Amino acid sequence: MIGEISLSRDSVELLDRDSLEDAIRNSERGYELLQKVGGPAEYMALNNLVYYQSLIGDQSRGDFILEKARMLRKAGQEHDAPHLLLTYCKAVLSFSEDQEEIKQARKIAQAVAANALISNRKRNEARYLASFDEKSKALQLQPGEGAS
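These figures come from a predicted structure and were not determined experimentally.

(A) How the structure looks around the overall build of the protein. Counting its secondary structure elements, the protein contains seven helices and zero strands. Along the protein, from the amino end to the carboxyl end, the secondary structure elements read α-α-α-α-α-α-α. In the protein, the proportion of contacts linking residues at least 24 apart, taken out of those at least 6 apart, comes to 59%. Summing over all exposed atoms, the protein offers an accessible surface of approximately 8000 Å²; the carbon and sulfur share of this is 50%.

Structural data, given as structure tokens:
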């Protein structure tokens, strides 16, 4: 909840960086506990951790975030979970240097955007990620900036 209130409602605009950092700390603790449980609870905590870390854009944790994002992609594909796939895309576009992986992430985001069953917010996020331009590798948000 702390992470969600640090973002604007209609986009992924960062409103409060301190709250987002708090959400990351809580997500890390939650993931540490829930990974022992496994299943949907583990992936919920992992999804929050990877998504919020991708918004902050701490490059020192990039390899860790990419490793965990790949787990989310696998789970998202196995369980038809678009939110997990979008988090994977966000992490790859924020941290990966592998052009093939970036291309694949954009393709996944395009497929999610075409899904008629997702919310408008998720569709807008998917379109934003699908339109990622390598030259503008600036997916980490600053206060007052958001995805269109």
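After that view, the rundown keeps rolling.
(B) Structural view of unusual backbone geometry. With phi around 50°, D80 is a residue other than glycine that occupies positive phi space. Within the fold, D80 resides in the loop between helix 4 (62-78) and helix 5 (82-95).

(C) Fine view of the nonpolar core. Core analysis: the biggest nonpolar cluster contains 39 residues, and V50, Y52, Y88, C89, V112 and L129 have the highest contact counts within it. Taken together, the elements giving at least two residues each to this core come down to helix 2 (17-34), helix 3 (39-56), helix 4, helix 5, helix 6 (99-113) and helix 7 (120-130). In terms of residues, this core owes the most to one element, helix 5, which gives nine residues. If we skip the residues at most four places from it in the chain, C89 touches A105, I108, A109 and L129.

(D) Representation of the packing of helix 4 against helix 5 in the model. Relative to each other, helix 4 and helix 5 sit at 150°, their axes nearing to 8 Å. Classed by the angle they form, the pair helix 4 and helix 5 counts as roughly antiparallel. The handedness of the crossing between helix 4 and helix 5 is left-handed. Across from G62, I65, L66, A69, R70, L72, R73, A75, G76 and Q77 in helix 4, the residues of helix 5 making contact are L84, L85, T87, Y88, A91, V92 and F95. Of the residues in the contact of helix 4 with helix 5, the class split is 11 nonpolar, four polar and two charged.

(E) Representation of the environment of D63. Inspection of the secondary structure assignment puts D63 in helix 4. The exposure class of D63 is exposed, given its relative accessible area of 66%. Placed 33 residues apart in sequence, D63 and S96 show a C-alpha to C-alpha distance of 8.3 Å.

(F) Representation of the environment of L93. For L93, the position within the fold is in helix 5. The exposure class of L93 is buried, given its relative accessible area of 1%.

(G) Spotlight on the side chain of R123. Turning to its location among the elements, R123 is positioned in helix 7. We note that R123 is buried and unpaired, the nearest opposite charge coming from E125 at a distance of 11 Å. For R123, the residues in contact, after removing those within four places along its chain, are A113, N115, A116 and I118.

Calculation rules
- Residues numbered from 1 in each chain as written.
- Predicted model: local features only at pLDDT ≥ 70, side-chain atom pairs only at ≥ 80, totals over all residues.
- Heavy atoms only, no water.
- Helix = DSSP H or I, 4+ residues; strand = E, 2+ residues; numbered from the N terminus.
- Contact = heavy atoms within 4.5 Å.
- Areas by Shrake-Rupley, 256 points an atom, 1.4 Å probe, with all protein chains shown as cover.
- Core = buried A, V, L, I, M, F, W, Y, C linked by side-chain atoms within 4.5 Å.
- Buried < 20%, exposed > 50% of the residue type's maximum accessible area, 1.4 Å probe, protein only.
- Axes fitted to C-alpha atoms, helices over the stretch in contact; angles between N-to-C directions.
- Parallel < 35°, antiparallel > 145°, perpendicular 65-115°, else oblique.
- Left-handed = near helix turned anticlockwise from the far one by under 90°.
- Nonpolar A, V, L, I, M, F, W, Y, C, P; charged D, E, K, R; others polar.
- Lys, Arg positive; Asp, Glu negative; His and termini not counted.
- Salt bridge = Lys/Arg side-chain N within 4 Å of Asp/Glu carboxyl O.

Coordinates in, geometry out; function isn't part of it.
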